[in-house]
Amino acid sequence: MNHIDDRNNRQALQELAKGLRQLHKQLIDLQSRQYGDVGNPFAHLQLVTMHPDFAWLRVLSEFMVALDERLDDQEPLDDAATTAFKQSVEGLIGPATASQPEFREKYLASLHASPEITMLHGGLRLTLGRLTRPAMP
């Protein structure tokens, strides 16, 4: 793999990470509105990290941490790594078979409940479409 491939893959995954952060924030905001009074920022953080109503979002949070850690790693990012991240996201939000059925169910409900989330989903799908696909044998 050459330096240009690494740079292109890293840039594509950074764009994916940015889109996922925006989506994650909107999903937390929607879940918070549905929950009701979340209290002060510390109480809100406690809800997001500990309350069962927010548990489904932890799947996305953990994925984002793994992606950020890989982006911080200085090892080159090859097409296989980029494709693996793409497939993981598609397992969460579609169109691939749901890797986390509870997440997918609540995510789809969020798409219907929030035009902002729907717009971010569209942008994320475009970003995923630009990620490297595996080479044909």
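Quick look at the structure, then. Every value quoted in this text rests on a predicted model; they were computed, and no experiment measured them.

All right, on to unusual backbone geometry then. Between Gly 94 and Pro 95 the backbone carries a cis peptide bond, its omega angle lying at 10 degrees. One can find Pro 95 in the loop between helix H4 (79-93) and helix H5 (101-113).

With that settled, the discussion passes to H5. Relative to the 18 Å expected for 13 residues at 1.5 Å per residue, H5 spans 18 Å between its end C-alpha atoms, a close match to the ideal helical length. When we look at burial in H5, the residues that qualify are Phe 103, Arg 104, Tyr 107, Ser 110 and Leu 111. For H5, the buried positions fall inside an angular range of 125 degrees around the axis, keeping them on one side. Exposed residues pointing more than 90 degrees away from the buried face of H5 are listed as Pro 101, Glu 105 and His 112. On its buried face, H5 sits against helix H1 (3-35), helix H3 (58-72), H4 and helix H6 (115-130).

Moving on to the nonpolar core. With 33 residues, the main nonpolar core has Leu 13, Leu 16, Leu 20, Leu 27, Leu 67, Ile 93 and Tyr 107 as its most contacted residues. The set of elements that each furnish at least two residues to this core consists of H1, helix H2 (41-50), H3, H4, H5 and H6. Residue contributions to this core peak at nine residues, all from H1. Apart from the residues lying within four places of it in its own chain, the contact partners of Leu 27 are Trp 56, Leu 57, Leu 60, Tyr 107, Ser 110 and Ile 117.

This part is about the packing of aromatic side chains. Throughout the structure, instances matching the rule amount to four aromatic pairs. Ring plane angle 50 degrees and centroid distance 6.0 Å describe the contact between Tyr 35 and Phe 54, whose orientation is recorded as tilted. Separated by 19 residues along the polypeptide, Tyr 35 in helix H1 and Phe 54 in the loop between H2 and H3 bring together distant segments of the chain. On the basis of relative accessible area, Tyr 35 is assigned to the partly exposed category, the value being 30%.

Time to look at the pattern of salt bridges. Per the stated rule, a full pass over the model turns up six salt bridges. Among the salt bridges present, the one from Arg 10 reaches Asp 6, with a minimum N-O distance of 3.5 Å. You can see Arg 10 and its partner Asp 6 sitting in helix H1, four residues apart, about one turn around the helix. Comparing Arg 10 with Asp 6 shows no difference in burial state: the two are buried. Notably, a salt bridge pairs Glu 15 with Arg 130, separated by 2.5 Å at the nearest N-O pair. Pair noted here: Glu 15 is in helix H1 and Arg 130 is in helix H6, with a separation of 115 residues, a long-range link.

A few words now on the environment of Ile 117. Tracing the sequence through the fold places Ile 117 in helix H6. On the basis of relative accessible area, Ile 117 is assigned to the buried category, the value being 0%. Once the C-alpha coordinates of Ile 117 and Glu 62 are considered, the two residues, 55 residues apart in sequence, prove to be 19 Å apart.

The rules we used
- Residues numbered from 1 in each chain as written.
- Predicted model: local features only at pLDDT ≥ 70, side-chain atom pairs only at ≥ 80, totals over all residues.
- Heavy atoms only, no water.
- Helix = DSSP H or I, 4+ residues; strand = E, 2+ residues; numbered from the N terminus.
- Expected span 1.5 Å × (residues − 1).
- Buried < 20%, exposed > 50% of the residue type's maximum accessible area, 1.4 Å probe, protein only.
- Arc of directions from axis to C-beta.
- Contact = heavy atoms within 4.5 Å.
- Core = buried A, V, L, I, M, F, W, Y, C linked by side-chain atoms within 4.5 Å.
- Phe/Tyr/Trp six-rings, centres within 6.5 Å; stacked < 30°, edge-to-face > 60°.
- Salt bridge = Lys/Arg side-chain N within 4 Å of Asp/Glu carboxyl O.

The quantities given are spatial measurements derived from coordinates; they are silent on function.
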